[in-house]
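# Tertiary structure, described
Spelled out from the first residue to the last, the chains are:
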Amino acid sequence: MERDTPLLVVTGPTASGKTARAVEAARILNGEIVSADSRQIYTGMTIGTGKDLDEYGDIPYHLIDICPAGYKYNLFEYIRDCHNAIDDIISRSRLPILCGGTGMYLEAVLKGLKLPEVPENPELRTSLAGNTLDQLKQILSAMKTLHNDTDFDTAKRAIRAIEIQTYYNQHPDEAKLTQPDPLSNTVIIGVDIDRENRRKRIEQRLRLRIDEGMIDEVKGLLASGIAPDDLEYYGLEYKYVTLYLTGKLHYDEMFSGLLTAIHQFAKRQMTWFRGMERRGFQINWIPYDLPSDEFTAKVASLAAPLIAHTI
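Residues numbered from 1 in each chain as written. Predicted model: local features only at pLDDT ≥ 70, side-chain atom pairs only at ≥ 80, totals over all residues. Heavy atoms only, no water.

## Things to note about the pairing of strand β1 (residues 7–11)
On a regular strand, one side chain projects to one face of the sheet and the next to the other, so that they alternate. Of all the 5 residues making up β1, 5 are buried; the element is thus mostly covered by neighbouring parts of the structure. Side chains of β1 alternate between two faces, with Leu7, Val9 and Thr11 and Leu8 and Val10 buried alike. One ladder, built from 5 bridges, connects β1 with strand β7 (residues 186–192); its direction is parallel. By the bridge assignment for β7, Thr11 is matched with Gly190. By the bridge criterion, 3 bridges tie β1 to strand β6 (residues 95–99) in an arrangement that is parallel. Looking at the pairing, Val9 lines up with Leu98 of β6. (Buried < 20%, exposed > 50% of the residue type's maximum accessible area, 1.4 Å probe, protein only. Helix = DSSP H or I, 4+ residues; strand = E, 2+ residues; numbered from the N terminus. Pairing = 2+ DSSP bridges.)

## Some remarks on the packing of aromatic side chains
Tallied over the full model, the rule gives 6 aromatic pairs. With centroids separated by 4.0 Å and ring planes inclined at 15°, the aromatic side chains of Tyr78 and Tyr105 adopt a geometry described as stacked. One end of the pair, Tyr78, is in helix α2 (residues 75–91); the other, Tyr105, is in helix α3 (residues 103–111), and 27 residues separate them in sequence. Taking relative accessible area as the criterion, Tyr78 reaches 0% and is therefore assigned buried. Ring geometry for Tyr233 versus Tyr234: centroids 5.6 Å apart, planes at 75°, classification edge-to-face. Like Tyr233, the residue Tyr234 is buried in the burial classification. One aromatic cluster in this structure is built from Tyr42, Tyr233 and Tyr234. (Phe/Tyr/Trp six-rings, centres within 6.5 Å; stacked < 30°, edge-to-face > 60°.)

## Points about the side chain of Gln269
When you line up the elements, Gln269 lands in helix α12 (residues 251–278). In contact with Gln269, not counting residues within four places along its chain, are Gly12, Pro13, Thr14 and Gly101. (Contact = heavy atoms within 4.5 Å.)

## Digging into the packing of α2 against α3
One way to put it is that α2 packs onto α3 with a least axis distance of 10 Å and a crossing angle of 55°. By the criterion of interaxial angle, the relationship of α2 to α3 is oblique. In the packing of α2 onto α3, the handedness of the crossing is right-handed. Between α2, through Leu75, Tyr78, Ile79 and Cys82, and α3, the contact on the second element is made entirely by Met104, Tyr105, Ala108 and Val109. Residue classes in the contact of α2 with α3 are distributed as 8 nonpolar, no polar and no charged. (Axes fitted to C-alpha atoms, helices over the stretch in contact; angles between N-to-C directions. Parallel < 35°, antiparallel > 145°, perpendicular 65-115°, else oblique. Left-handed = near helix turned anticlockwise from the far one by under 90°. Nonpolar A, V, L, I, M, F, W, Y, C, P; charged D, E, K, R; others polar.)

## Thoughts on the nonpolar core
In this structure, Leu7, Val34, Tyr78, Cys82, Leu98, Leu206 and Leu258 are the most contacted members of the largest nonpolar core, which totals 62 residues. The element that contributes the greatest number of residues to this core is α12, accounting for 11 residues. Apart from residues lying up to four places away in sequence, Leu7 is in contact with Ile86, Pro96, Leu98, Val109, Leu110, Leu183, Asn185, Thr186, Val187 and Leu306. Among the nonpolar cores identified, the runner-up in size contains 25 residues, and Leu8, Val23, Leu95 and Ile286 belong to it. (Core = buried A, V, L, I, M, F, W, Y, C linked by side-chain atoms within 4.5 Å.)

Structure representation (C-alpha cells):
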C-alpha cells in the first residue's frame with residue numbers, strides 16, 4: 001500500500017451503527033469494506049462479535065472469517081492482511097473503506113506502521129507465567145511508555161506484549177521499522193452517539209444476541225475442542241459466556257458483568273478516539289441518527305478528494 005493510497009475510515013464506539021453507515025458510504029462511493037475489528041476475523045464467532053453479515057448486502061467485505069477460532073491473530077498479521085486487501089480494492093479502481101472500532105488496528109494502518117514478525121519466546125513465556133496482571137504491567141512499563149491498557153485484558157496478552165518488546169530490544173534494527181509513516185490521503189468519519197443512547201443500544205443488542213443464540217454459539221466452540229482459556233482470551237462476550245458455561249458464574253452474574261464490561265469497553269474506545277485526535281488525526285463526527293441521505297451527502301462531500309484518486 002502506497003503512502004498516498006486513498007482510504008476512507010468509518011469508526012465509532014460499539015453499538016453506534018458504524019457498519020450500516022459504512023455500507024451506505026460504500027454504495028455511493030463504489031467502495032468495498034475492510035474490517036478493523038479484532039474479533040470478527042475468526043470463523044464461528046459470529047453472534048458474539050456482531051458480524052451482522054446481512055447488513056453488507058452486495059457490498060464486498062474483507063478480513064472477516066479469515067482465521068479459525070482459537071487462533072491468536074496479531075497486529076503484524078493485521079497490518080499485512082489489511083494492506084493486501086486495500087491494494088486489491090485499489091487495483092479494481094474501487095475505494096477501500098476501513099470500518100471498525102479496534103482503535104489499535106485503525107491507528108496502526110493510518111500511521112503507516114510496518115512491523116517485523118515477532119516469533120514466540122518459550123523460555124520468556126515460562127519465566128513470566130506465574131506473574132499477576134499488575135506484575136506484568138510493571139514489567140512492561142519498565143520497558144516502554146504505556147499509552148493504553150489494550151495489552152492487559154488478560155495475562156496472555158500482557159505476556160505477548162512483553163515478548164514483542166523484548167524482541168525489539170534485542171533487534172534494534174528491526175525495531176526501527178516500527179517508526180510511523182502516516183498515510184497522506186485519508187478521511188476519517190466518526191459515528192457520534194451520546195452516552196445515554198449508546199448505553200441503551202448496548203443493552204438492547206446484548207439481549208438480542210442472547211436471544212439469537214450467542215450462548216449456544218460459545219457452547220459449540222467449546223464442544224469443538226477450543227479450550228476455555230482460549231475463548232476467554234477474546235474477552236467480553238466470549239469471556240463471560242465461557243465463565244457461565246464452565247460454572248464459574250451464574251446467569252445473572254454473567255449478564256450483569258458482561259453488560260458492565262461492554263459499557264467500559266465503549267468508554268475505552270472513545271478515550272482512544274479522543275487520543276487519536278490529540279495525536280493529530282482529524283475525525284469528522286457525524287450523528288448516529290442522521291437520516292441516510294444527509295449522512296451520505298456529508299460523506300460524499302468529505303470523500304470527494306479520495307474518489308478522484310481511484311478513477
